[in-house]
Structure formats: structure tokens, C-alpha cells
Amino acid sequence: MSERIRALVALGNPGADHARDRHNAGFWLADRLAQRWGLVFSPEKKFRGDLARAKRAGETLWLLKPMTFMNVSGEAIQPLLAFHKIEPAELLVVHDELDLPPGVARLKDGGGHGGHNGLRDTHRVIGPGYRRLRIGIGHPGHASRVLSHVLGKPSADEQAAIDAAIEAGVDAVETIIESGWNRGAQQLNSRKP
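The rules behind each value
Residues numbered from 1 in each chain as written. Predicted model: local features only at pLDDT ≥ 70, side-chain atom pairs only at ≥ 80, totals over all residues. Heavy atoms only, no water. Buried < 20%, exposed > 50% of the residue type's maximum accessible area, 1.4 Å probe, protein only. Helix = DSSP H or I, 4+ residues; strand = E, 2+ residues; numbered from the N terminus. Pairing = 2+ DSSP bridges. Polar contact = N/O pair within 3.5 Å; in protein donor to acceptor, adjacent residues only side chain to side chain. pLDDT = per-residue confidence, 0-100. Arc of directions from axis to C-beta. Contact = heavy atoms within 4.5 Å. Phe/Tyr/Trp six-rings, centres within 6.5 Å; stacked < 30°, edge-to-face > 60°. Lys NZ or Arg CZ within 6 Å of the ring centre and 35° of its normal. Salt bridge = Lys/Arg side-chain N within 4 Å of Asp/Glu carboxyl O. Expected span 1.5 Å × (residues − 1).

**Student:** Give a detailed account of the pairing of strand E7 (residues 131-136), specifying residues and quantitative values.
**Tutor:** Two faces belong to every sheet, and in a regular strand the side chains alternate between them. Burial analysis of E7 places 6 of its 6 residues in the buried class, which makes it a mostly covered element. Looking at chain direction, strand E5 (residues 91-97) and E7 are connected through 6 bridges and run parallel. Paired with Asp-96 across the strands is Ile-135, a residue of E7. Of the pairings in the sheet, the one linking strand E6 (residues 105-109) to E7 comprises 5 bridges and is antiparallel in character. Bridge pairing links Ala-105 to Ile-135 in E7.

**Student:** Break down the side chain of Arg-131 for me, with residues and values.
**Tutor:** If you trace the backbone, Arg-131 turns up in strand E7. Under the relative-accessibility criterion, Arg-131 is labelled buried at 1%. Looking at Arg-131, its side chain comes within polar contact range of the main-chain oxygen of Ala-89, at 3.3 Å.

**Student:** With reference to specific residues and values, describe the confidence of the model for the protein.
**Tutor:** In the predicted model, the protein carries a mean pLDDT of 94, and 99% of its residues have values of at least 70. At the low end of the mean pLDDT range in the protein sits helix H4 (residues 146-150), at 92; at the high end sits strand E1 (residues 7-10), at 98.

**Student:** Can you lay out helix H2 (residues 74-84) for me, pointing to particular residues and giving the numbers?
**Tutor:** Of all the residues in H2, the buried ones are Gly-74, Ala-76, Ile-77, Leu-80, Leu-81 and His-84. Down the axis of H2, the sector holding all buried residues measures 160°, keeping them to one side. Those residues of H2 that are buried are in contact with E1, strand E3 (49-56), strand E4 (59-66), E5 and helix H3 (117-126). One or two residues past the end of H2 sits Lys-85, with phi positive at roughly 50°.

**Student:** Describe the packing of aromatic side chains, and please don't skip the residues or the numbers.
**Tutor:** Enumeration according to the criterion identifies 1 aromatic pair in this entry. Aromatic side chains Phe-47 and Phe-83 sit 5.7 Å apart centroid to centroid with 65° between the ring planes, which places their arrangement in the edge-to-face category. With Phe-47 in the loop between strand E2 (42-44) and E3 and Phe-83 in helix H2, this residue pair connects regions lying 36 residues apart in the sequence. The ring centre of Phe-41 lies 4.6 Å from the NZ or CZ of Lys-65, which sits over that ring. One residue, Arg-131, lies across the ring of Trp-181, its end atom 4.3 Å from the ring centre.

**Student:** Tell me about the pattern of salt bridges, and please be specific about residues and values.
**Tutor:** In this structure the tally under the stated criterion is 15 salt bridges. With a closest N to O distance of 3.3 Å, Arg-4 and Glu-90 form a salt bridge. Of this pair, Arg-4 sits in the segment before E1 while Glu-90 is found in the loop between H2 and E5, placing the two residues 86 residues apart along the sequence. Residue Arg-4 is classed as partly exposed on the basis of its relative accessible area of 36%. Among the ionic pairs, Arg-36 bridges to Asp-171, the shortest N-O distance being 2.8 Å. One end of the pair, Arg-36, is in helix H1 (residues 25-37); the other, Asp-171, is in helix H5 (residues 156-179), with 135 residues separating them in the sequence. Residue Arg-36 is classed as partly exposed on the basis of its relative accessible area, which comes to 27%. Linked through salt bridges whose partners overlap, the residues forming this network are Arg-32, Arg-36, Arg-56, Glu-167, Asp-171 and Glu-174.

**Student:** Outline H1, supporting the account with residue identities and numerical values.
**Tutor:** Between its first and last C-alpha atoms H1 spans 19 Å; for 13 residues at 1.5 Å apiece the expected length is 18 Å, and the two agree. Buried within H1 we find Ala-25, Gly-26, Phe-27, Trp-28, Leu-29, Ala-30, Leu-33, Ala-34 and Trp-37. At its buried positions, H1 is contacted by E1, E3, E4, E5, E7 and H5.

As C-alpha cells, this is what we get:
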């Protein structure tokens, strides 16, 4: 699998109503990365989302926040990859993760969608061969509470833990760009929350 990342797609739901939902942790990381690098997201109709372009370590990295709603994220991802001739293995999808507690972020190579609707749609459109940056939001304990949990706002303590994980995730993205996937994954996956 390629060591480089050419596109980072952050999953979330558009609009002020969803801005602070746990489900938007991917957007939060993309916004933090853009802030650190001095980037501005602009609406891009052709990719059905907000797009920013970064030049890092001599390479172009596209950052996309789909504005399609989570369940049809693939409809924004596929045109971006096709237009810029980006292989799925060069894509990093950033998303919230129920199976990790707040404060934990992990990098993962491929795998299943784990019931995450944004990943499920991405699988449908491009297959499973992309990378993920998973931001822990914790599990509410019962399946019947999952929807209200992901569409709810974290407590102050949870938010602080998620913010720390996002900061570590941004650091790992920089390491991947400068030193390759394996170094970035080792850095983030060995981090203690």
C-alpha cells in the first residue's frame, strides 16, 4: 500500500444544527488541520463539499468536507478521487468512532465499515481499500441510544478529551506527510490518552 496520502476526507453532517454533534468529529479534525496550516475551505460544487488545498513536503494534499450528509459521503469522495486520479490507498477518511473512548484516536489501514453509515457509503462507492483516522466518541452502552449519542453534543470533559485526540491526530497527519504512513500510525496508535 502507498506510503503517501493525497486526499483527506473528513466525514460529518453539514449545517449549524449539526456543528457540535459527536458525528462531526471528522469535520473538527479537518478544521483544526486547516487552522494549523492556514488553509481556507471553499465550496466546490463538482465535489459536493468544502475543499482546501495544501502543499506539504512538495506534494499536494486535498482536504474535503462532504456537504452531502453522512449517509451519502461516497457521492462526494468518488468525484474527488476520479478527478485528481487518486487511488483509494492514497485516501485518508477521518471519522467518529463509537468503539473508541473519547480521548483516543487511531489510524487504520482498510477493514470493514463497522456499521458507520459514512464508511458504509464510502465502501459502496470505492471499496474498502482506503485508510482511516478514527476519533473516539465512546459508546452509549446500548444500540437503541446510538443515534441520539452520535447526533448529541459531548459533555465538557468529553469534548476536552476529543479535542486532545484531534490534536494528536493532526500531529500524526503531519508525520505521515513528512515520514510516511508507518511512522504516523506508530506515533498515534501508541499514544496514551
